[in-house]
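# Fold and contact review
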Amino acid sequence: MIASVRGEVLEIALDHTVIEAGGIGYRLNATPATLATLTRGAEIRLYTAMIVREDSQTLFGFADTESRDLFGLLQTVSGVGPRLAMAVLAVLEPEALRKALAESNVAALTRVPGIGKRGAERMVVELRDKVNLIPVQDGPPGSGAAVTPVRDQVVEALTGLSFPLKHAEQAVDAVLADQPAADTAAALRAALSLLGKNR
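The following paragraphs examine the structure supplied in this document. Think of each chain on its own: its residues are numbered from 1, step by step along the sequence as written. In keeping with the model being predicted, local features are shown solely for residues with a pLDDT of at least 70 and side-chain atom pairs are shown and tallied solely at 80 or more, while totals for entire chains, interfaces and linings include all residues. Only hydrogens and water are removed before side-chain values are computed, so all heavy atoms of the structure are retained for them.

### Notes on helix H3 (residues 82-91)
Rule in force here: Only protein chains enter the accessibility calculation, which uses a 1.4 Å probe. A residue is then buried if its area is under 20% of the maximum for its type, exposed if over 50%, and partly exposed in between. The way it works is that DSSP assigns letters per residue, a run of H or I at least four long becomes a helix, a run of E at least two long becomes a strand, and they are numbered from the N terminus.
Taken across its ten residues, H3 has eight buried, putting it largely inside the fold. Taken as a whole, H3 has its buried residues at Pro82, Leu84, Ala85, Met86, Val88, Leu89, Ala90 and Val91.

The structure is reproduced here in structure tokens:
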């Protein structure tokens, strides 16, 4: 099991990054919020989860161990695979996810594209007690500034998540009009929430 990767950021794409460590380039799938903390050419450490399937081996990268552990916990719920677990973490930060589960806030969980009311209720029942067993991360996760302006980066991330360009632009514009000082991660969560309501 590969628990973390440390090295130079070679590539930052919509849904993944490539980090060179020991002469090998590792492709790590990551949330837009994590990718926003990376800078090409910088040295970074990402904590990882490795998912091995019959036909693939995939690495998922996280800025902190709390997010990685929550990613693993989410997949213990029936019907939740790696892709859906990443979508949950893209919409809800660890603290917001803990709060939603602790307070049985089904509405917050259904803002995640792909999770309906029944799925959200199942998550609450199965994870409400387990989520507190995962240590809370101290201090802010990751560091570094987004290379492109917030609007462009969030629109690009949303289109990478299969939202139509027009819808993505409208959602981001609405979010930034309401929260002009929002950073990339906050704007992305708000836009995903808005798009989830309109689906």
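### Quick word on the pattern of salt bridges
Put simply, the test is: By salt bridge we mean one thing: a side-chain nitrogen of Lys or Arg within 4 Å of a carboxyl oxygen of Asp or Glu.
The tally for this structure, following the rule as stated, stands at five salt bridges. Taking the shortest distance from any N to any O, the salt bridge between Glu93 and Arg189 comes out at 3.1 Å. On the criterion of sequence distance, the pair formed by Glu93 in the loop between H3 and helix H4 (94-102) and Arg189 in helix H9 (residues 184-198) is long-range, its members being 96 residues apart.

### A short note on the side chain of Thr31
Tracing the sequence through the fold places Thr31 in the loop between strand E3 (24-29) and helix H1 (32-35). In this structure Thr31 comes out as buried when scored by relative accessible area, which is 6%.

### Overview of the packing of helix H2 (residues 65-74) against H3
Where we set the bar: Helix axes are fitted to C-alpha atoms over the stretch in contact, other axes to C-alpha atoms as well, and angles between N-to-C directions run from 0 to 180 degrees. In these notes the angle categories are as follows: under 35 degrees is roughly parallel, over 145 is roughly antiparallel, 65 to 115 is roughly perpendicular, and the rest is oblique. In this scheme the crossing of two helices becomes right-handed for a clockwise turn of the near helix relative to the far one and left-handed for an anticlockwise turn of less than a right angle. In what follows, residue pairs with any heavy atoms lying within 4.5 Å of each other are defined as contacts. For this classification, the nonpolar set comprises Ala, Val, Leu, Ile, Met, Phe, Trp, Tyr, Cys and Pro, the charged set comprises Asp, Glu, Lys and Arg, and every other residue, Gly included, is treated as polar.
Interhelical geometry of H2 versus H3 gives an angle of 130 degrees and a closest axis separation of 9 Å. In terms of orientation, H2 and H3 fall into the oblique class. For the crossing formed where H2 meets H3, the hand is right-handed. Together, Ser67, Leu70, Phe71 and Leu74 of H2 and Pro82, Ala85, Met86, Val88 and Leu89 of H3 make up the contact between the two elements. Along the lines of polarity and charge, the residues of the contact of H2 with H3 split into eight nonpolar, one polar and no charged.

### Some details on unusual backbone geometry
Backbone geometry places Ser104, a non-glycine residue, at a positive phi of 50 degrees. Examined against the element boundaries, Ser104 turns out to sit in the loop between H4 and helix H5 (106-109).

### So, the sheet that holds strand E1 (residues 4-12)
In plain terms, the rule: Any two strands with at least two DSSP bridges between them are considered paired.
A barrel is described by the order of its strands in space; here five strands give the closed sequence E1-E2-E3-E5-E4, paired in mixed fashion. Pairs of neighbouring strands in the sheet enclose a mean axial angle of 55 degrees, with direction left out of account. In this sheet, strand E2 (residues 16-21) lies alongside E1 in antiparallel orientation, the contact comprising four bridges. Paired with Glu8 across the strands is Glu20, a residue of E2. On the sheet, H3 packs against E3, strand E4 (43-53) and strand E5 (56-62) and is oriented at approximately 10 degrees with respect to E5.

### Some words on the nonpolar core
Counted only if it meets this: Note on terminology: a nonpolar core comprises buried Ala, Val, Leu, Ile, Met, Phe, Trp, Tyr and Cys residues joined through side-chain atoms within 4.5 Å.
Residues Phe71, Leu74, Leu97, Leu109 and Leu158 are the most contacted members of the largest nonpolar core, which totals 48 residues. With seven residues, H3 is the single largest residue contributor to this core. Leaving out residues up to four positions away in the same chain, Leu158 has contacts with Phe163, Ala168, Val172, Leu188, Ala191, Leu192 and Leu195. Val5, Val9, Leu28 and Ala30 belong to the second-largest nonpolar core, a separate cluster that totals eleven residues.

### Description of the packing of aromatic side chains
Applicable threshold: Ring pairs shown here join Phe, Tyr and Trp side chains whose ring centres sit within 6.5 Å, with only the six-membered ring taken for Trp; geometry is labelled stacked below 30 degrees between planes, edge-to-face above 60, and tilted in between.
For the structure shown, the criterion picks out two aromatic pairs. On the numbers, 5.0 Å between centres and 40 degrees between planes, the contact of Phe60 with Phe71 is tilted. Here Phe60, found in strand E5, pairs with Phe71, found in helix H2; they are eleven residues apart in sequence, far enough to count as distant. In this structure, Phe60 and Phe71 share a single accessibility class: buried.

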